[in-house]
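Okay, here's what each chain looks like letter by letter:
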Amino acid sequence: MTEVIGAPADVLHTLFHSDQGGHEQVVLCQDRSTGLKAVIAIHSTALGPALGGTRFYPYATEAEAVADALNLARGMSYKNAMAGLDHGGGKAVIIGDPERDKTEELLLAYGRMVASLGGRYVTACDVGTYVADMDVVARECRWTTGRSPENGGAGDSSVLTAFGVYQGMRASAQHLWGDPVLRGRKIGIAGVGKVGHHLVRHLRDEGAEVVITDVRPDAVQRILDQHPEVVTAVADTEELIRVEGLDIYAPCALGGALNDDSVPVLTAKVVCGAANNQLAHPGVEKDLADRGILYAPDYVVNAGGVIQVADELHGFDFDRCKVKAAKIFDTTLAIFARAKEDGIPPAAAADRIAEQRMADARADRTAR
């Protein structure tokens, strides 16, 4: 069932007639007393309740917010399927500047909106929302993850997100060079924030050569303080992707890093990073393949975080989660093997595997 309440015609067209459609339910939420304006998009519940974070962002228009929620929810369906979770895909966005508009009352109102869905959607942190925010939302909604340990949650999910990306890098090295060891490999990381700084630690512990960049000088300085051997902090991403001798490029900041401008000048043989939606548009995955660049699909390798928040629903156990996140290594290798077998880019292979798992779940449900 697709439910769109009070939506403009262009939203209806997106839902029912475009490639971005196919969502089961979209809810537009408003609480005038707190200023809450939010969109909750549920793409699929074929594998179980939809799971995905809440983004708090100052969108230019309401239509832009709806489009982002739809795209992100669809992406979560694929991510959760490839992570082996019994969850479908969903996402929510709150329209506003989190630095100015976020209040406890607004978050409580948002929690009531999520709770009204009766468990069809489970929320967590995303851009603009944090563990402390989920603690507030959880006061009105039991279908909330990403809470603090003091409130029965797992806390920061960036640790396992970075660990999963590290496993994806090891799998990429195994596929391309016949050895998962990253010692001596030159790896460029664009963005050393919540996830990127943990990734640096994994790579340095193994003896990889790390080159970093970040728009925030303080983030770069933190890395250099912790890892003085990371001596090269290049000016920007455009310079990083051109670094000679780069083995692996890891986009760990904003999406769209792989585009018509960046792909032709990439020096790395592998792209494997934590950022969501790295492919700027359809066709970029073929451009990468044509240049002989191995792409580890972003939603596969960055799934450590969602593995963690999903586990929180059952009583969080870090060691159990780490074992699950370690399987990203095998999943990534399976995608590369499927891509070679079918003669398609890895991104397309990952989509096929995820779509098959969702289709099998729908078929099983129909049979019952």
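Residues numbered from 1 in each chain as written. Predicted model: local features only at pLDDT ≥ 70, side-chain atom pairs only at ≥ 80, totals over all residues. Heavy atoms only, no water.

### Here we look at unusual backbone geometry
- Unusually for a residue other than glycine, Asn277 sits at a positive phi of about 50°.
- Note that Asn277 resides in the loop between strand E10 (270-271) and helix H10 (284-290). (Helix = DSSP H or I, 4+ residues; strand = E, 2+ residues; numbered from the N terminus.)

### Side note on the pairing of strand E9 (residues 248-251)
- Burial of E9 is two-sided: the residues Ile248 and Ala250 facing one way and the residues Tyr249 and Pro251 facing the other way are all buried.
- Both strand E7 (residues 186-190) and E9 contribute to a ladder of four bridges, which runs parallel. Bridging from a neighbouring strand, Gly188 pairs with Tyr249 of E9.
- Two elements, E9 and E10, share two bridges in a ladder whose sense is parallel. Directly across from Tyr249, in E10, lies its bridge partner Val271. (Buried < 20%, exposed > 50% of the residue type's maximum accessible area, 1.4 Å probe, protein only. Pairing = 2+ DSSP bridges.)

### A short note on the pattern of salt bridges
- Counting across every chain of the model gives 20 salt bridges.
- One salt bridge connects Asp126 with Arg55, and the closest N-O pair in it is separated by 2.6 Å. Here Asp126, found in the loop between strand E6 (121-122) and helix H5 (131-137), pairs with Arg55, found in strand E4 (residues 54-57); they are 71 residues apart in sequence, far enough to count as distant. Accessibility classification places Asp126 together with Arg55 in one group, the buried group. (Salt bridge = Lys/Arg side-chain N within 4 Å of Asp/Glu carboxyl O.)

### Here we look at the confidence of the model for the protein
- Averaged over all residues, the pLDDT of the protein is 92; the fraction at 70 or higher stands at 94%.
- Segment residues 1-7 is flagged for pLDDT under 50; beyond a separation of four residues in sequence, or across chains, it makes 20 contacts in the model. (pLDDT = per-residue confidence, 0-100. Contact = heavy atoms within 4.5 Å.)

### Structural notes on the nonpolar core
- Counting 68 residues, the largest nonpolar core has Tyr110, Met169, Ile189, Leu199 and Leu203 as the members making the most contacts within it.
- At seven residues, helix H6 (residues 158-177) tops the list of elements feeding residues into this core.
- Sequence-distant contacts of Tyr110, that is, excluding residues within four places in its chain, are made with Leu36, Ala38, Ile40, Thr54, Ala92, Ile94, Tyr121, Thr123 and Val137. (Core = buried A, V, L, I, M, F, W, Y, C linked by side-chain atoms within 4.5 Å.)

### Quick word on the state of the cysteines
- If you walk through the whole model with that rule in mind, you get zero disulfides.
- With no disulfide of its own, Cys125 lies closest to Cys141 among cysteine sulfurs, the gap being 13 Å.
- The thiol of Cys321 is not disulfide-bonded; the next cysteine sulfur, from Cys125, is found 15 Å away.
- By relative accessible area, Cys321 is classed as buried at 0%. (Disulfide = S-S within 2.5 Å.)

### Side note on the packing of helix H12 (residues 304-312) against helix H13 (residues 318-326)
- At their nearest, the axes of H12 and H13 sit 9 Å apart, and the two run at 145° to each other. In the crossing of H12 with H13, the sense of the turn from one axis to the other is right-handed. For the pair formed by H12 and H13, the contact residues are Gly304, Ile307, Gln308 and Asp311 on the first element and Arg320, Cys321, Lys324 and Ala325 on the second.
- Of the residues in the contact of H12 with H13, the class split is three nonpolar, two polar and three charged. (Axes fitted to C-alpha atoms, helices over the stretch in contact; angles between N-to-C directions. Left-handed = near helix turned anticlockwise from the far one by under 90°. Nonpolar A, V, L, I, M, F, W, Y, C, P; charged D, E, K, R; others polar.)

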